[in-house]
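A closer look at the structure
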Amino acid sequence: MSASSTPPGPGLTRRLLQLYVGLALYGVSSALLVKAGLGLEPWNVLHQGLAELTGLSIGVVSIIVGALVLLLWIPIKQRPGLGTVSNVFVVGIAMDGTLAAVPDVHALGIRIPLMAAAIVLNGVATGLYIAASFGPGPRDGLMTGLHRRTGRSLRLVRTTIEIAVVVTGFVLGGTIGVGTVLYAVAIGPLAQVFLKVFAAPASPEAPTSVAGASPEGAIIP
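Computed from a prediction, not measured in an experiment: that's the story for all the values here.

This brings us to the pattern of salt bridges. Where side chains of opposite charge bring their charged atoms close, a pairing between them can arise. Counted by the stated rule, this structure contains 2 salt bridges. Among the salt bridges present, the one from K35 reaches D104, with a minimum N-O distance of 2.7 Å. Of the two residues, K35 is situated in helix α1 (residues 10-36) and D104 in the loop between α5 (82-101) and α6 (108-132); the sequence distance between them amounts to 69 residues. The exposure class of D104 is exposed, given its relative accessible area of 54%. Among the salt bridges present, the one from E162 reaches R158, with a minimum N-O distance of 3.4 Å. Highlighted residues: E162 and R158, both in helix α8 (residues 154-172), separated by 4 residues, approximately one helical turn.

This paragraph deals with α8. Taking 1.5 Å per residue as the helical rise, α8 with its 19 residues ought to reach 27 Å, and the 27 Å between its terminal C-alpha atoms agrees with that figure. Here α8 has its buried residues at V157, R158, I161, E162, V165, V166 and G169. The buried residues of α8 occupy one face: seen down the axis, they fall within an arc of 145°. Among the exposed residues of α8, those oriented more than 90 degrees off its buried face are I163 and V171. Residues of α8 that are buried make contact with α2 (42-54) and α7 (138-150).

For the rest of this paragraph, the subject is the environment of L38. Tracing the chain through its elements places L38 in the loop between α1 and α2. A sequence separation of 70 residues divides L38 from L108, and the C-alpha atoms of the two residues are 9.5 Å apart.

Turning our eyes to something else, we now look at the confidence of the model for the protein chain. The predicted model of the protein chain averages 87 in pLDDT, with 86% of residues at 70 or higher. Per-residue pLDDT stays below 50 along residues 204-221; that stretch engages in 70 contacts with residues further than four places along the chain or on separate chains.

Let us look at the layout of surface pockets. Its boundaries defined by the atoms lining it, the second largest pocket holds a volume of some 160 Å³. For the second largest pocket, the full set of lining residues is P42, R158, T159, E162, I163, V166, T180, Y183, A184 and I187. Contributing elements (two or more residues each) for the lining of the second largest pocket: α8 and α9 (178-198). Ranked by residues supplied to the lining of the second largest pocket, first place goes to α8 with 5 residues.

Turning next to the environment of K196. As for its position among the elements, K196 is in helix α9. Since its relative accessible area comes to 70%, K196 is described here as exposed. Linking K196 and G127, residues 69 residues apart in sequence, is a C-alpha distance of 7.6 Å.

Turning next to the nonpolar core. Within the largest apolar cluster, 27 residues are counted, with the highest numbers of intra-cluster contacts made by L19, L33, M115, I119 and Y183. Listed by contribution, the elements that provide at least two residues to this core are α1, α6 and α9. Beyond its immediate stretch of four places on either side in the chain, L19 contacts L82, G83, S86, Y129, A132 and F134.

Here we take up the packing of α6 against α9. Axis angle and axis distance: for two packed helices, these are the angle between their axes and the distance between the axes, and together they describe the pair. Put simply, α6 and α9 touch, their axes get as near as 7 Å, and they point 40° apart. Relative to α9, α6 is oriented oblique. As for the relative orientation of α6 and α9, their crossing is right-handed in sense. Together, M115, I119, V120, N122, G123, V124, T126, G127, L128, I130 and A131 of α6 and V178, G179, L182, Y183, A186, I187, L190, A191, F194, L195 and F198 of α9 make up the contact between the two elements.

Once that is clear, we can look at the packing of helix α3 (residues 58-71) against α5. Two numbers describe how α3 lies on α5: the axes approach to 7 Å, and their chain directions differ by 170°. Judged by the angle between their axes, α3 and α5 are roughly antiparallel. Remark: the crossing between α3 and α5 carries right-handed chirality. Mapping the contact onto sequence places I58, G59, V60, S62, I63, G66, A67 and L70 in α3 and T84, V88, F89, G92, I93, M95, D96 and L99 in α5. Each residue belonging to the contact of α3 with α5 can be placed in one class, and the counts come to 10 nonpolar, 5 polar and 1 charged.

Parameters and conventions
The residue count restarts for each chain, going from 1 along the sequence in the order it is written. Only residues with pLDDT of 70 or above have their local features reported here, since the model is predicted, and side-chain atom pairs are shown and tallied only from 80 upward, although totals for entire chains, interfaces and linings are computed over all residues. Computation of side-chain values covers all heavy atoms of the structure but excludes hydrogens and water. Salt bridge, as used here: a side-chain nitrogen of Lys or Arg that lies within 4 Å of a carboxyl oxygen of Asp or Glu. A run of H or I in DSSP counts as a helix once it spans at least four residues, and a run of E counts as a strand once it spans at least two, with each numbered from the N terminus. Each residue is placed in one exposure class: buried if its accessible area under a 1.4 Å probe, protein chains only, is under 20% of its type's maximum, exposed if it is over 50%, and partly exposed if it falls in between. Multiplying 1.5 Å by the residue count of a helix minus one yields the expected span of that helix. Directions pointing from the helix axis toward each C-beta atom define the arc. Throughout, a contact is declared for two residues whenever any of their heavy atoms are within 4.5 Å. Predictor confidence is given residue by residue as pLDDT, running from a minimum of 0 to a maximum of 100. For cavity detection a 1 Å grid was placed over the protein atoms alone, and a set of points counts as a cavity when a 1.4 Å probe fits there but cannot get out; an open set counts as a pocket when protein lies on both sides within 12 Å along at least five of seven lines, with lining residues being those that have an atom within 4 Å of a point. Grid points are joined across faces, edges and corners, and a volume is the space filled by probe spheres set on the points. Nonpolar core, defined: a set of buried Ala, Val, Leu, Ile, Met, Phe, Trp, Tyr and Cys residues in which side-chain atoms within 4.5 Å join the residues together. Every axis corresponds to a line fitted to the C-alpha atoms, with the helix fit spanning only the stretch in contact, and the corresponding angles, defined between N-to-C directions, vary from 0 to 180 degrees. What sets the label is the angle itself: under 35 degrees gives roughly parallel, over 145 gives roughly antiparallel, 65 to 115 gives roughly perpendicular, and the rest give oblique. Rotating anticlockwise by less than a right angle from the far helix to the near helix defines a left-handed crossing, while the corresponding clockwise rotation defines a right-handed one. Gly is put with the polar residues, along with every residue not named as nonpolar or charged; the nonpolar set is Ala, Val, Leu, Ile, Met, Phe, Trp, Tyr, Cys and Pro, and the charged set is Asp, Glu, Lys and Arg.

This is the structure we're talking about:
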């Protein structure tokens, strides 16, 4: 949906709060996965690899990649919403802010629970963001748009894109590991649970979910 179709009223205030809290927490959770050092989400493997290559921060790279991906919406005729544009900036800013504020951790006894907490927090953030219904993130919109335009299954499109970004990111120096695998397994169920927790009352103009799309690549089955 587009931002202009958003109805006014108390429901809008709640949804805006969910949107920006969800996006900020998504950036925080991604940064905590970086600090844990046990593997990142697929797109952040690419972002981290590009950050290593360019010398830019991972949050800035995330913003640049998000903006470039958004340009790919034009030929596939996807329509961005407020959440789409906000996603490009808020996640990256929150990620860099958290990385600057949280000290490095080295003990495995801290890194493992930090990884687990980050994945759960990512599920919370995803549920908040989806339930706000302000449009999918750039990367998810690319997946759903290609699915619609090519007729290929959403799972095939998602898998193809995410394998490509993980392999590219790993070659460039991004971190893959047990956290990457656990994220892939856990994020769908976690997001479904928290989507139900944070679902706003439905209205004709404001559906409570956005085609199973999350901020950064978790297409919910």
